[in-house]
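Below, each chain spelled out in residue letters.
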Amino acid sequence: MHDPEVEALSLAGHGERAAVGVVVTHGFTGNPRATRPLGRALAAEGYRVEVPRLPGHGTHHRDLGATRYGDWYGEVDAAVTRLGTECERIVLIGHSMGGTISLDLAARRPDDVSAVVPICAQVLDRTELLARIAPLLQHVIPYVPRDLAGLPTDDIARPGVEEGAYAMVPAKAAQSLLRELPRIRAALPSLQQPVLVVSAPNDRTVDPRNSRHIVELLTGTDVRELVCERSYHVVPLDYDAELLTERVLAFVHDVAVS
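Residues numbered from 1 in each chain as written. Predicted model: local features only at pLDDT ≥ 70, side-chain atom pairs only at ≥ 80, totals over all residues. Heavy atoms only, no water.

Quick look at the pairing of strand S8 (residues 195–199) now. Counting buried residues along S8, 5 of its 5 residues qualify, which places the element largely inside the surrounding structure. Summarising the sheet, strand S5 (residues 115–119) and S8 pair through 2 bridges and their orientation is parallel. Paired with Ile-119 across the two strands is Val-198, which belongs to S8. Taken together, the 5 bridges between S8 and strand S9 (residues 223–227) define a ladder with parallel strand orientation. Bridging across to S9, Ser-199 finds its partner in Val-227. (Buried < 20%, exposed > 50% of the residue type's maximum accessible area, 1.4 Å probe, protein only. Helix = DSSP H or I, 4+ residues; strand = E, 2+ residues; numbered from the N terminus. Pairing = 2+ DSSP bridges.)

The next subject is the environment of Gly-150. Locating Gly-150 in the fold gives a position in the loop between strand S6 (143–145) and strand S7 (168–170). Taking the C-alpha atoms as reference points, Gly-150 and Arg-204, 54 residues apart in sequence, are found 8.3 Å from one another.

As a further point, take the packing of helix H4 (residues 97–108) against helix H6 (residues 171–187). As a packed pair, H4 and H6 sit with axes 10 Å apart at the nearest point and diverge in direction by 45 degrees. Put simply, H4 runs oblique to H6. For the element pair H4 and H6, the recorded crossing hand is left-handed. The segment H4 lies against H6, with Met-97, Thr-100, Asp-104, Ala-107 and Arg-108 engaging Leu-177, Leu-181, Arg-183, Ile-184 and Ala-187. Of the residues in the contact of H4 with H6, the class split is 6 nonpolar, 1 polar and 3 charged. (Axes fitted to C-alpha atoms, helices over the stretch in contact; angles between N-to-C directions. Parallel < 35°, antiparallel > 145°, perpendicular 65-115°, else oblique. Left-handed = near helix turned anticlockwise from the far one by under 90°. Contact = heavy atoms within 4.5 Å. Nonpolar A, V, L, I, M, F, W, Y, C, P; charged D, E, K, R; others polar.)

Moving on to the nonpolar core. Generally speaking, nonpolar side chains in soluble globular proteins are found buried as a group. Residues Phe-28, Trp-72, Ile-101, Leu-188 and Ile-214 are the most contacted members of the largest nonpolar core, which totals 39 residues. Listing elements by their share of this core, those giving two or more residues are helix H3 (69–84), strand S4 (89–95), H4, H6, S8 and helix H7 (209–217). For this core, the element with the highest residue contribution is H3, accounting for 7 residues. (Core = buried A, V, L, I, M, F, W, Y, C linked by side-chain atoms within 4.5 Å.)

Applying the stated criterion across every chain yields a total of 3 aromatic pairs. An aromatic cluster is present here, built from Phe-28, Tyr-69, Trp-72 and Tyr-73 joined pairwise through their rings. Seen from the ring of Tyr-73, Arg-108 lies directly overhead, with NZ or CZ sitting 4.0 Å from the centre. (Phe/Tyr/Trp six-rings, centres within 6.5 Å; stacked < 30°, edge-to-face > 60°. Lys NZ or Arg CZ within 6 Å of the ring centre and 35° of its normal.)

Here we take up the side chain of Thr-25. Following the sequence through the fold, Thr-25 ends up in strand S2 (residues 20–25). With relative accessibility at 0%, the residue Thr-25 sits in the buried group. Sequence-distant contacts of Thr-25, that is, excluding residues within four places in its chain, are made with Thr-35, Pro-52, Leu-54, Val-76, Ile-93, Gly-94, His-95 and Gly-98.

The next thing to look at is the pattern of salt bridges. Here the structure, examined in full by the defined rule, presents 20 salt bridges. Salt-bridge contacts for Arg-204 lead to Asp-155; the nearest nitrogen and oxygen are separated by 2.7 Å. One end of the pair, Arg-204, is in the loop between S8 and H7; the other, Asp-155, is in the loop between S6 and S7, with 49 residues separating them in the sequence. We classify Arg-204 as partly exposed; its relative accessible area is 45%. Overlapping salt bridges bring together Arg-48, Glu-50, Arg-82 and Glu-86 as one network. (Salt bridge = Lys/Arg side-chain N within 4 Å of Asp/Glu carboxyl O.)

Of all 6 residues making up S2, 6 are buried, and the element is well covered by its neighbours. For S2 and S4, the ladder comprises 6 bridges, and the chain directions are parallel. Each bridged residue has a counterpart across the sheet, and for Val-20 the counterpart in S4 is Arg-89. Here S2 runs beside strand S3 (residues 48–51); their pairing, made up of 3 bridges, is parallel. Considered in S3, the bridge of Val-22 is made with Val-49. Crossover S2 to S3 through helix H1 (residues 36–44) is right-handed. (Right-handed = clockwise from strand over helix to strand, strands pointing away.)

Put into structure tokens, the structure is as follows:
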């Protein structure tokens, strides 16, 4: 049965805050189920909100296998372009790979992006054996069970909560992301927009060292941190979801409205 919670969401703003557009992007193999609650909270405050569903996500893992990093980046890039015709300022928020894309886009379009919130974002090279041999393996085994790929199923501390991510990981699609990480890391010191870096010490999917590395690389801007002690990887659906929402709302108001 089709789940409407995995679909993209576009919400009009109201009042003075409608001049601020916010894009909230989900992660690799995931879908908007993890990002819609935060998007709705932002819209309730008056912001103009886009919650995209990245190409190949929220349907079947074989659809993801036919897409690459450029397709996912392009979807967020297009959302920023659309919002640019309606809004004076744009804030990018992204979970996991969505955070990686948000940082990448902020570096490439500094005049169009006012601030960034990467949540448990990947920027370091993956160190698992499977990731190291992926450039060869992708030509032999096109799809790998997510647990073998170092992506635990429903990496959420809160019982009974499901992310709805794919059980199988397309190797070539994953490799397309890994190839971009050195370039994205190299661009981070040039960022000048305010950044709120969100991490979870108990994250089992993206090593928390990634968030620390992001903070260390952001030498030329206003960097703030939020550590979600009670959550695993999918913070927006976990025990710290309320804390995350509260801090994100305060950050967006501070950097884009005040």
